[in-house]
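# Inside the fold
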Amino acid sequence: MKTNNFNYSLLAVGVAAVMGISTGAMAGTTSGATSNGAAAIENQATASYSVGTVAQPTVTSNKVIVNVTETANFSLFAIDGGSATDDKNENISTTPGSNIEFKHVLINEGNVSDTYTINTTSSNDTAIDTATPNYTLPANVDVAFVIRQKGGATLTTAQGQALSAAGQATTGTLTGSNRTVKLLPGLEAGLSYTTTTPSTRTGGDIAVGTLTATSTFITNATTTPKVPTLVNENQTIVRLPTFKIAKTATSNVDLSIATPQIDYGITVTNVTTDYSDTATNFVIRDVLPLGMTLTSAGVTANGATVTSSGRTADGRVIIDIAVPSLAVTASQNVTFKVNVDKAQYAGANATATNNVVVYDKFVGAVGTLPVNPVVNTNYDILDSTVTANDVTRVPGTADEVGGVGEDTAGTTSFSNRALVLSNPTTREIATASGTASQVTHTTIITNNGQDVEGTDNSPLTFTIADGGNNTAVRPVTGPVSITYTPPGNNPTPVTTTITPVNNVYTINNAALPGGIAKGGTVAINYNVSSGNVTSPTTVADRAIEGTSETTVVTLTPTGNGAPAATTVTDTTNVKGLILEKFQALDINCNGTIDTGDTDFTKNAVDAKPDQCIIYRIDAKNTSSAIQTTTPANASGFNITGLTISDARSQFAAGAEYVINSAASSATNDSSIRPATVSTPTIAAAMNSTTDKLSPQGTATLRFTVKIKNNR
């Protein structure tokens, strides 16, 4: 990480605070005064002489007077920060636990030697006020000094000797009670002191303190106004990189394929903040989820070095990417592909979340990380896509949702979805079903995969479409019922109703809370009608007996890893009553078919007067026998309320009814009342509550007529 020589102005400081006032001028870093007590220099010469051997009186010259003006003037500059000639070292970069040096220069601008008292404080100067601090710099810190010529040149021999004669060392440390330095006119002292940034500080934290120099000469001067003390303010800001980690992953992987793989991407960005700094020599670590291994293609890392990829942590592959430098706003991109062990993700709705960690140090390189890095030893900063693990040393808001350093992990859903649509059914319907006699088809959805189906994440849709072969037979539109049977022993089925939207039915959490578990089934129960549903009244309202229609149920899974749509075709056959009339020639009129008679036929027969014709009328229920197996496939039905009749007017002109010949019968567990003879008809009828014509059963009306001889 970059340490302490990068200046980036966090604060917009535009006005330098006035630190002192000198006679006749204002300067932010200079102060001066003239002493009224400097004694004038008076000089008067004397001469002594003799004349011959006689000493003469001493002769005194005139007095000359030199009036001395002693001027004290000094400057104190902070030489880092925005300017080397102002009163503040501002925006000095630091990191937690590191040392920071503040440099100043004290110049004796006057014409007298002066002694200066140097102090450090933990407060900020209201006239300068570079920033509002989060914490203060320490006070009474040792201050190192080096005396040199103004401008920085080395002292001459004479200057060094003069300082030595005045009792002033040329270098040293001001500490304890000895905090003064003496400067001859035209000399300067480089002053510096060092503080340690507390290891607990956070990025963006600001510290403020001052260094002061107080002139002894000006303090004692009688000139007014006078400013004997000059102040420089020192201000640091903790600068740290702020990492934004974005992990991407293939969103869904179908485990039904031979070699499932995931494409991973990592983007680490050093985002811009008021306290941002270049990140150097840090490591990006990705510990792959269980059951994942790198493909032979390895890792692509934009020029960064992959320092390890063969080690494991708890059976998980470690990938370390060493990044030498990442400037503010720059990003490091990493991509790789992994193979997935299907056995690790065979559970229902399995997912894997891949998290990424960035390890950095305040000073120096992270280097090769052990399997289990130790804070303050292997790293100082840890930024993870698991926020709870962070040791970022940046404000918490940066990593919060919506923060500039918000991190995101990569999550993959695994699907092994297998749905079976089964149970094509054949149903039989009357020529006119009305509402009460509609037939129900049941199509079965079975979840043979590992995931829960029919949820909001994996909804199932289905349609029920008319085959279009028979306009008089069609599926009933509108709501249908579904019955969910959970897996396991003695499950309790649950039946609910689904209403279609634009003829599409959807099974999701709203329709079936909890969805369809592995091994569970859903029965789709829908009705088919025939004829005019409400009140068939004419032949045109009825379907034709013996015709058929198909219905196609299409299941379309949706969501991640959805299998292909499948269909089941159901068949509805139109069944009902067929009525057939037969006749037989009974030559001897004995009521039996003897040799020489003509057996029952639908064809024409030849007869003579006084011979007899036996009529037989068969009413047959053509529906199939009702099955008792589950699920039943055929759906025969009983016919009730049957009346078979024959009008006597049809044969009365050529034949006459043979008394007591009318009879009725029924087969296949069917029943019909005895035949009746009236003037207009010969008939046989069922009792509406006790008689029925069972599937494949036949009810028969039989009677005999004799051909008239005198027509």
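Residues numbered from 1 in each chain as written. Predicted model: local features only at pLDDT ≥ 70, side-chain atom pairs only at ≥ 80, totals over all residues. Heavy atoms only, no water.

### Regarding the sheet that holds strand β20 (residues 252-254)
Test applied: Should DSSP find at least two bridges between two strands, the strands are regarded as paired. Here a helix means four or more residues in a row that DSSP labels H or I, a strand means two or more in a row labelled E, and each is numbered from the N terminus. Helix axes use the C-alpha atoms of the stretch in contact, all axes being lines fitted to C-alpha atoms, and the angles between their N-to-C directions lie in the range 0 to 180 degrees.
Read across the open sheet, the 3 strands follow the order β20-β31-β28; overall the sheet is mixed. In this open sheet, the two strands that pair with only one neighbour each are β20 and β28 (351-354). For this sheet the average axis-to-axis angle between neighbouring strands, irrespective of direction, equals 25 degrees. In this sheet, strand β31 (residues 410-415) lies alongside β28 in antiparallel orientation, the contact comprising 4 bridges. By the bridge assignment for β31, N354 is matched with G410.

### Focus on a nonpolar patch on the surface
What counts, and what does not: Two distance rules govern patches: like charges are joined within 9 Å, and nonpolar side chains (Val, Leu, Ile, Met, Phe, Trp, Tyr) within 5 Å, applied only to residues with over 30% relative accessible area and no salt bridge. Areas reported as accessible are Shrake-Rupley estimates using a 1.4 Å probe. Residue values count occlusion only from the protein chains shown. When a carboxyl oxygen of Asp or Glu lies within 4 Å of a side-chain nitrogen of Lys or Arg, that pair is called a salt bridge. The rule is simple: take the accessible area with a 1.4 Å probe, protein chains only, and divide by the maximum for that residue type; under 20% is buried, over 50% is exposed, in between is partly exposed.
A cluster of nonpolar side chains, Y49, V51 and V59, forms an exposed patch at the surface whose accessible area comes to about 260 Å². Mapped onto the secondary structure, V59 falls in strand β7 (residues 59-66). The exposure class of V59 is partly exposed, given its relative accessible area of 41%.

### Let's talk about the packing of aromatic side chains
Quick note on the threshold: Two rings from Phe, Tyr or Trp (for Trp, the six-membered ring) form a pair when their centres are within 6.5 Å of each other. A pair whose planes differ by under 30 degrees is stacked, one over 60 is edge-to-face, and the rest are tilted. Charge-over-ring placement is defined geometrically: NZ (Lys) or CZ (Arg) within 6 Å of the ring centre, and within 35 degrees of the ring normal.
Counted under the stated rule, the structure contains 11 aromatic pairs. Residues F102 and Y193 carry aromatic rings whose centres are separated by 5.3 Å and whose planes lie at 45 degrees to one another, so their mutual orientation is tilted. Taken together, the residues F102 in strand β10 (residues 99-108) and Y193 in strand β16 (residues 187-196) connect sequence positions 91 residues apart. Residue F102 shares its accessibility class with Y193, and that shared class is buried. Pairing Y264 with F336 gives two aromatic rings, centres 5.6 Å apart and planes at 45 degrees, and the pair type is tilted. With Y264 in strand β21 (residues 261-270) and F336 in strand β27 (residues 331-340), this residue pair connects regions lying 72 residues apart in the sequence. The exposure class assigned to Y264 is buried, which follows from its relative accessible area of 3%. An aromatic cluster is defined as three or more aromatic residues linked by ring pairs; in this entry it consists of Y615, F651, Y657 and F703. Across from the ring centre of Y615, 4.6 Å away, lies the NZ or CZ of K581, which sits over that ring.

### With respect to unusual backbone geometry
Across the chain, the bulk of peptide bonds are trans and the bulk of non-glycine residues have phi less than zero. With a phi close to 55 degrees, N140 is a non-glycine residue in the positive phi region. Here N140 is to be found in the loop between β12 (135-136) and β13 (143-149). Residue N140 is classed as exposed on the basis of its relative accessible area, which comes to 56%.

### Regarding the nonpolar core
Put simply, the test is: To qualify as a nonpolar core, a set must consist of buried Ala, Val, Leu, Ile, Met, Phe, Trp, Tyr and Cys residues joined through side-chain atoms within 4.5 Å. Residue contacts are defined here by distance: any two heavy atoms, one from each residue, within 4.5 Å place the two residues in contact.
Core analysis: the largest hydrophobic core is formed by 43 residues, its most contacted members being L106, I118, I147 and L191. Ranked by residues supplied to this core, first place goes to strand β17 (residues 206-215) with 5 residues. For I147, the residues in contact, after removing those within four places along its chain, are L155, L163, Q168, A169, T170, V181, K182, L183, L187, E188 and A189. If you look at the next biggest cluster of nonpolar residues, it comprises 31 residues, including I245, V253, L255 and V358.

### Some thoughts on the confidence of the model for the chain
What counts is decided by this rule: Residue-level confidence of the predictor is summarised by pLDDT, bounded by 0 at the bottom and 100 at the top.
Taken residue by residue, the chain gives an average pLDDT of 88. The fraction at 70 or more is 93%. Counting contacts from residues 1-28, a segment whose pLDDT is below 50, to residues more than four positions away or on other chains yields 83 contacts.

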